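# Inside the fold
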Amino acid sequence: MEDDILTIEEVAKYLRVSERTVYDWAQKGEIPSGKIGTVWRFKKNEIEKWVNDRLSSSKSSPQDIKVQVKNILSPERIIFMNHPTKHDALVELSEALSTAPQIKDAKELTQEILKREELMSTAMGRGIAIPHVRLSSVTDLVMAVGISRTDIIDFQAIDETPVRLLIMIAAAYNQHSYYLQTLSFFSARLREQDLKDKLISSQTPLEAYNLLTSN
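## Structural notes on the overall build of the protein chain
Helix and strand counts for the protein chain stand at nine helices and nine strands. Relative to a compact globule of 215 residues, whose C-alpha radius of gyration would be 17 Å, the protein chain shows 17 Å and is just as compact. In terms of overall dimensions, the protein chain has C-alpha extents of about 55 × 35 × 35 Å along its principal axes. Contacts spanning at least 24 positions in sequence make up 70% of the contacts within the protein chain whose residues lie at least 6 apart. For the protein chain, the exposed area adds up to about 10700 Å²; of that, 48% sits on carbon and sulfur atoms. Counting 27 positive and 30 negative side-chain charges, the protein chain places the centres of these two groups 6 Å from one another.

Written out as structure tokens, the structure reads:
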């Protein structure tokens with residue numbers, strides 16, 4: 001089967017929902033899908049766009065969602081990178097994230113981040129990627145930021161723009177709502193071109209931290 005065709009099981013794993021939920025969405029026409037015989041199948045690029053559209057079209061502004069960046073990020077977890085490939089960038093950023101006390105299994109974090117990326121790109125367009133996982137070995141939601149000095153060209157973003165800014169989020173498995181709120185918050189916040197440009201051109205972790213924590 002072609003790599004860009006997904007099963008219900010694969011879509012459920014990507015979205016972190018039950019297979020039954022994906023099946024119900026497909027039946028109701030709420031998610032891009034089609035049938036081959038009696039079996040539901042999903043185009044990878046269509047699911048990716050569907051997810052990005054849902055995250056980006058949130059009617060709430062960043063201020064409406066109660067995400068306190070200072071509570072989930074520290075300057076020590078903002079790093080500057082120089083990798084042309086997403087694998088190396090994700091590994092380095094996951095290592096930075098694993099220094100947070102909320103991360104109890106650094107090896108699992110890296111493995112799951114890479115596995116999640118293999119299933120479907122977390123690049124959201126406009127040079128931004130938001131790799132994210134929920135794990136039972138994570139005690140509370142936490143994040144790290146990677147600012148790349150080099151274009152990361154193999155993220156396969158929908159708009160084909162190389163990635164320069166990575167927001168990596170890890171949450172406990174029971175934090176589904178807060179996890180989605182945080183993804184929506186950064187999807188909305190980083191639509192601000194001025195903020196994105198300032199982050200990419202920042203020179204120190206503290207400068208980037210102040211940008212992200214300012215109102």
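## Comments concerning the packing of helix H1 (residues 8-15) against helix H6 (residues 106-119)
Contact geometry of H1 with H6 gives a least axis separation of 10 Å together with a crossing angle of 130 degrees. Regarding the angle of H1 to H6, the classification is oblique. At the point where H1 passes H6, the crossing takes the left-handed sense. Contacts between H1 and H6 involve Glu-10, Lys-13 and Tyr-14 from the former and Lys-115, Arg-116 and Leu-119 from the latter. Of the residues in the contact of H1 with H6, the class split is two nonpolar, no polar and four charged.

## What about the side chain of Thr-110?
Here Thr-110 lies in helix H6. Side chain to side chain, Thr-110 and Ser-94 meet in a polar contact 2.8 Å long. When near neighbours in sequence (up to four residues on either side) are disregarded, Thr-110 contacts Val-91 and Ser-94.

## Notes on the packing of aromatic side chains
Applying the stated criterion across every chain yields a total of two aromatic pairs. Taking 5.0 Å as the distance between ring centres and 90 degrees as the angle between the ring planes, the aromatic pair formed by Phe-185 and Phe-186 counts as edge-to-face. Across the ring face of Tyr-173, the terminal group of Arg-134 is positioned such that the distance to the ring centre comes to 4.6 Å. Across from the ring centre of Tyr-179, 5.5 Å away, lies the NZ or CZ of Arg-134, which sits over that ring.

## As for the confidence of the model for the protein chain
Summary statistics for the protein chain give a mean pLDDT of 88 and a share of 93% for residues scoring 70 or more. Of the regions scoring below 50 in pLDDT, residues 59-65 engages in eight contacts with residues more than four places distant in sequence or in other chains.

## Structural notes on H1
Burial in H1 covers these residues: Ile-8, Val-11, Ala-12, Tyr-14 and Leu-15. Seen from one end, H1 has its buried residues packed into an arc of 160 degrees, which puts them on one side. Once H1 finishes, Arg-16 follows within two positions and takes phi at roughly 60 degrees, a positive value.

## Focus on the sheet that holds strand E3 (residues 39-43)
Backbone hydrogen bonds hold the strands of a sheet together, and the pairing may be parallel or antiparallel. Ordered by their spatial adjacency, three strands build an open sheet running E1-E3-E2, and the pairing between neighbours is antiparallel. The open sheet has two edge strands, strand E1 (5-6) and strand E2 (34-36), and neither has a second partner. Pairing between E1 and E3: two bridges, direction antiparallel. Note that in E3 the partner of Ile-5 across the bridge is Lys-43.

## Some remarks on the pattern of salt bridges
If charged atoms from side chains of opposite charge come close, those side chains can pair. For the structure on display, the rule yields five salt bridges. Between Glu-112 and Lys-115 there is a salt bridge, with its nearest N and O atoms 3.3 Å apart. Here Glu-112 pairs with Lys-115, and both are found in helix H6, just three residues apart, close to one helical turn. Judged by relative accessible area, Glu-112 falls into the buried class, the value being 17%. The class of Lys-115 is partly exposed, set by a relative accessible area of 38%. Where Asp-151 meets Arg-164, a salt bridge forms, and the shortest distance between an N and an O atom there is 3.8 Å. You can see Asp-151 sitting in strand E8 (residues 142-152) and its partner Arg-164 sitting in strand E9 (residues 163-172), a full 13 residues away along the chain.

Here is what the cut-offs are and how they apply
Residues numbered from 1 in each chain as written. Predicted model: local features only at pLDDT ≥ 70, side-chain atom pairs only at ≥ 80, totals over all residues. Heavy atoms only, no water. Helix = DSSP H or I, 4+ residues; strand = E, 2+ residues; numbered from the N terminus. Rg over C-alpha atoms; globule rule 2.2 N^0.38 Å. Contact = heavy atoms within 4.5 Å. Areas by Shrake-Rupley, 256 points an atom, 1.4 Å probe, with all protein chains shown as cover. Lys, Arg positive; Asp, Glu negative; His and termini not counted. Charge placed at Lys NZ, Arg CZ, Asp CG, Glu CD. Axes fitted to C-alpha atoms, helices over the stretch in contact; angles between N-to-C directions. Parallel < 35°, antiparallel > 145°, perpendicular 65-115°, else oblique. Left-handed = near helix turned anticlockwise from the far one by under 90°. Nonpolar A, V, L, I, M, F, W, Y, C, P; charged D, E, K, R; others polar. Polar contact = N/O pair within 3.5 Å; in protein donor to acceptor, adjacent residues only side chain to side chain. Phe/Tyr/Trp six-rings, centres within 6.5 Å; stacked < 30°, edge-to-face > 60°. Lys NZ or Arg CZ within 6 Å of the ring centre and 35° of its normal. pLDDT = per-residue confidence, 0-100. Buried < 20%, exposed > 50% of the residue type's maximum accessible area, 1.4 Å probe, protein only. Arc of directions from axis to C-beta. Pairing = 2+ DSSP bridges. Salt bridge = Lys/Arg side-chain N within 4 Å of Asp/Glu carboxyl O.

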